[in-house]
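One letter stands for each residue in the lines below.
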Amino acid sequence: MQQYSSLPDQNSLIDATPKLLTTIEQLRAQLWLESSLNQLQSRLNDCLLSACNTVPQAGAAQAEIFQAVVNEINSAVHSSNLALTDCAVGIALFQPQETVATVCYASHSPSPNSQPLFVEVLTAEKKLLLRLQEVIKLEDLQQLEHQQPQSAWRLADDSGNVIGWLIIATASLSSDRESLIKSQAQLRSQLMARCARYCTTALVQLRHILSWSQRYQQLSNSNQELERTNQLKNQFLANTSHEIRTPLSSIIGFTHLLLAPGYEPTRERQQEYLNIIQSSGKHLLALINDILDLSKIEANQLEVQWEIIDVPLLCSNVLALVKEKAANKGLKLCLELEPDIKTLVADPLRLKQMLLNLIFNALKFTSEGSVGLRVTAKGVFVHFTVWDTGSGISQEDQVQLFEPYFQIAKVVAGGVEGTGLGLAVTQKLAQIHGGSVKVESEVNRGSRFTLVLPFKQEIGVGGDEGDEVDEGAKFSSFPLHFTPSSSVEILLVENDLPNADLMQIYLRKLGYQVTWVKNAGEMWKTLTVLEPAVILMDVCLTDGNGLSLVQQLREHEQYRTIPVIVQTAMAMKGDRETCLAAGVNDYISKPIDLPLLASLVAKYSKAPTSLDGE
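Notes on the structure follow. (Residues numbered from 1 in each chain as written. Predicted model: local features only at pLDDT ≥ 70, side-chain atom pairs only at ≥ 80, totals over all residues. Heavy atoms only, no water.)

**Description of the packing of helix α7 (residues 348-364) against helix α10 (residues 422-432)**
Where we set the bar: Whenever a helix is involved, its axis is fitted only over the stretch in contact; in every case the axis is a line through C-alpha atoms, and angles between N-to-C directions fall within 0 to 180 degrees. Where helices and strands are cited, they refer to DSSP runs of H or I of at least four residues and of E of at least two residues respectively, numbered from the N terminus. The handedness criterion is simple: a crossing whose near helix is rotated anticlockwise from the far helix by less than a right angle is left-handed, and one whose near helix is rotated clockwise is right-handed. Residue contacts are counted whenever heavy atoms from the two residues lie within 4.5 Å of one another.
Interaxial distance between α7 and α10 falls to 10 Å at its minimum, and their mutual angle equals 145°. Here α7 runs over α10; the crossing is left-handed. In this structure, α7 contributes Arg-350, Gln-353, Met-354, Asn-357, Leu-358 and Asn-361 to the contact, and α10 contributes Gly-422, Leu-423, Val-425, Thr-426, Leu-429 and Ala-430.

Here you go:
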């Protein structure tokens, strides 16, 4: 009789126990693996967050990630049953085009007496020591990556380029524990492979963070610079408005006074008023020239005329121009010139402009004492030092002194005239000449501005003959007187009535016959009854363009040889060339330099001339 047939077989339960234990061990291993990886991911996130907040150097942030990977792997391995075999972790980095890598990061064994571990290259039957600064060949690393068990995993950047290797070294155990070693090796392999991927991902994210941080910093700096420039320009516009209104008030006021019915000033008083009007007009022109010069320089459109300059003569002329201003303030002017300094290759007009800017500044900020110009030679450079006994400049203000639109706060508050462009223009002109401007100053102890220029220019001496700037300077300095010649007919085509009146009065006073027309239509009618020796052509007319009219004149046989001089407010680089290309003989910019106008008319009309005193 069969009993207890429904009870389970006892042997079957016993046979199932090892399978259950195996499953539990697998789950425990999997749990350990995921926990270790989570811990590493958390640590890497902390590194990336720190990089976002502090914007460190790229090398320091990358080093923090590498060290975190090594530390977390070492901690994970030695906190589990994997510690049955002693392990060491390292990262070897190498540069592109290199054939070796250097161990830059390595873990420390928890046992103080542990010796450095070796990585076995099985195919080459050699061992590689895993310690800091150890050099490993690239071919050995590649073998470690492909052998079983795997001992090296590559680390790549966001472009897929290998930058290093994650390496693990383990101590050998006895053969009776071979099955345990094999299972540990598989688990370590999974850990290392995934850690390598985590590390690569963190490095890619770090590069993106650093790139974004750099762009943010650049945008932030750019915004700050734009805001600062905007504030300076607003200040410049306010100062410029004041600078324009002040001389305009004098011009309009004294003109109104001279035109007032019933007011008959004496000849001396009338001469005084006219001098004030002329001085105010020159001040306005200087202001416009400063703005125009800075615009030309920034647009790389400033023309320079290289010449051999007589340095002593130029310095004497410069001081002669400021002599009256210094005398009005009771200041002494000094000139010290080394006797060996004779000539210099530079643009004479621009050199004079730079020296005048520096000397006028010195006079402006000096209430008593002296202002001087010292010229010395140092090697292949000549130093023009303008010194004064004035109020001096603080170190804080010296930093921004040569920036466009900048003015010292106390100077602006004190009502001292200026636009804040003079020093900026001077420095840029010096740089164009291959030189520089330096400043030394102490508050209440005066200032020393030194213009440093080379004696010679690499491009050589000379320029375009007939250059407008050079010719204008020459004739303004040495005005010509003209013998009246009532037979010379001048046709003036000018849209602006005040300018037309000015040129008519001046040229008629010199003895020319001047016929004025306002537009193109009147010009063509006049040419049917008049044969002018010279045509003065305005570029902007109500019914056409003056340059187009010149081209039309050159198409007619009877007008082709008549000299044409254009007068225009166009004063930028290339404007003169544009006029000459249209068939113009010469060019003069507004405001009209009357001596220059007279010399050009004399040149092209063949009128007889004589110099001063002859």
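**Here we look at a nonpolar patch on the surface**
Inclusion rule: Exposure above 30% relative accessible area and the lack of any salt bridge qualify a residue for a patch; like charges then connect within 9 Å, and the nonpolar side chains Val, Leu, Ile, Met, Phe, Trp and Tyr within 5 Å. Reported accessibility uses the Shrake-Rupley method at a 1.4 Å probe radius. Residues are deemed covered only where the shown protein chains occlude them. Counted as salt bridges are all cases of a side-chain nitrogen of Lys or Arg within 4 Å of a carboxyl oxygen of Asp or Glu. Note on classification: 1.4 Å probe, protein chains only; a residue is buried when its accessible area is under 20% of the maximum for its type, exposed when over 50%, partly exposed between these limits.
Together, Ile-244, Leu-248 and Ile-252 give the surface a local cluster of nonpolar side chains, amounting to about 240 Å² of exposed area. Checked against the element boundaries, Ile-252 lands in helix α4 (residues 178-259). With relative accessibility at 55%, the residue Ile-252 sits in the exposed group.

**Some points on the nonpolar core**
We count it as follows: Residues enter a nonpolar core if they are buried and are Ala, Val, Leu, Ile, Met, Phe, Trp, Tyr or Cys, with the set joined through side-chain atoms within 4.5 Å.
Among the nonpolar cores identified, the biggest contains 43 residues, and Leu-344, Leu-351, Phe-384, Phe-449, Leu-451 and Leu-453 are the most heavily contacted of them. With 8 residues, the single largest contributor to this core is α7. Once residues within four sequence positions are removed from consideration, Phe-449 is found in contact with Leu-358, Phe-384, Thr-385, Val-386, Ile-393, Leu-401, Phe-402, Leu-423, Val-437, Lys-438 and Val-439. With 38 residues, the next largest nonpolar core counts Ile-65, Val-69, Tyr-105 and Trp-153 among its residues.

**Points about α7**
The cut-off we apply is this: Expected helix span is computed as 1.5 Å times (number of residues minus one). Residues adjacent in sequence count toward polar contacts only when both atoms are side-chain atoms; beyond that, a polar contact is any pair of N or O atoms within 3.5 Å, and within protein one must be able to donate a hydrogen and the other to accept it.
For α7, built from 17 residues, the straight-helix expectation of 24 Å at 1.5 Å per residue is met to within 8% by its first-to-last C-alpha distance of 24 Å. Here α7 lies mainly inside the structure; 12 of its 17 residues are buried. Residues of α7 that are buried include every one of Arg-350, Leu-351, Gln-353, Met-354, Leu-355, Leu-356, Asn-357, Leu-358, Ile-359, Asn-361, Ala-362 and Leu-363, and no others. Near the N-terminus of α7, the side chain that reaches the backbone nitrogen of Leu-349, with its oxygen 3.0 Å away, is that of Asp-347.

**Concerning the side chain of Asp-157**
Residue placement: Asp-157 occurs in the loop between β6 (152-156) and β7 (162-170). Here the side chain of Asp-157 touches Asn-161 through a polar contact of 2.8 Å, landing on its backbone nitrogen. In contact with Asp-157, other than residues within four places in its own chain, are Ile-163, Val-204 and Arg-207.

**Side note on the sheet that holds strand β5 (residues 135-137)**
Filter applied, for reference: Paired strands are those between which DSSP finds at least two bridges.
Pairing within the open sheet is antiparallel, and its 5 strands lie in the order β5-β2-β1-β7-β6. With partners counted over all chains shown, the strands left at the sheet margins are β5 and β6, one partner each. Strand-to-strand, the axes of this sheet are offset by a mean angle of 35°, without reference to chain direction. As paired elements, β6 and β7 share 5 bridges and run antiparallel to each other. Note on β7: the bridge partner recorded for Trp-153 is Leu-166. Across the face of the sheet, helix α2 (residues 58-78) comes into contact with β1 (87-93), β2 (100-106), β6 and β7 while running at roughly 160° to β1. Helix α3 (residues 138-146) contacts β2, β5, β6 and β7 of the sheet and is inclined by roughly 70° relative to β5.

**Quick look at the pattern of salt bridges**
What the rule picks out here adds up to 10 salt bridges. The salt bridge involving Glu-34 is made with Arg-194; its shortest N-O contact spans 2.8 Å. Linking Glu-34 in helix α1 (residues 10-54) with Arg-194 in helix α4, this pair joins segments that are 160 residues apart in sequence. A salt bridge links Glu-557 to Arg-560; the nearest nitrogen and oxygen atoms lie 3.2 Å apart.

**Some words on the packing of helix α6 (residues 311-328) against α7**
Put simply, the test is: Note that Gly is not counted as nonpolar here; it falls among the polar residues with everything else outside the nonpolar set of Ala, Val, Leu, Ile, Met, Phe, Trp, Tyr, Cys and Pro and the charged set of Asp, Glu, Lys and Arg.
Following both chains from N to C, one finds α6 and α7 inclined at 35°, their axes separated by 10 Å at the closest point. Every pair of crossing elements has a handedness; the one defined by α6 and α7 is right-handed. Here Leu-314, Val-318, Leu-319, Leu-321, Val-322, Lys-325 and Ala-326 of α6 lie close against α7, whose contacting residues are Pro-348, Leu-351, Lys-352, Leu-355, Leu-356, Ile-359, Phe-360 and Leu-363. Taken together, the residues of the contact of α6 with α7 break down into 13 nonpolar, no polar and 2 charged.

**Overview of the packing of aromatic side chains**
Heads up, the rule is: Aromatic rings from Phe, Tyr and Trp, taking only the six-membered ring of Trp, are treated as a pair when their centres fall within 6.5 Å; an angle between ring planes under 30 degrees marks them as stacked, one over 60 as edge-to-face, and anything in between as tilted. Note on criteria: charge over ring means Lys NZ or Arg CZ within 6 Å of the ring centre, with the direction from the centre no more than 35 degrees off the ring normal.
One pass over the full model with this rule turns up 3 aromatic pairs. Each ring, one from Phe-66 and one from Tyr-105, has its centre 5.4 Å from the other, and the planes form 45°; the classification is tilted. One end of the pair, Phe-66, is in helix α2; the other, Tyr-105, is in strand β2, and 39 residues separate them in sequence. A centroid spacing of 4.9 Å and a plane angle of 40° characterise the contact between Phe-254 and Tyr-273, whose relative ring orientation is tilted. Separated by 19 residues along the polypeptide, Phe-254 in helix α4 and Tyr-273 in helix α5 (residues 267-298) bring together distant segments of the chain. Since its relative accessible area comes to 8%, Tyr-273 is described here as buried. It is Lys-518 that lies over the ring of Trp-516; its NZ or CZ is 5.6 Å from the centre.

**Overview of the pairing of β7**
Taken across its 9 residues, β7 has 7 buried, putting it largely inside the fold. With 7 bridges joining them, β1 and β7 adopt antiparallel strand pairing. Note that in β7 the partner of Gly-90 across the bridge is Ile-167. Count of turn residues in the β6/β7 antiparallel hairpin: 5 residues, of which Gly-160 carries a positive phi of about 85°.

By themselves, these are just geometric observations and shouldn't be taken as functional.
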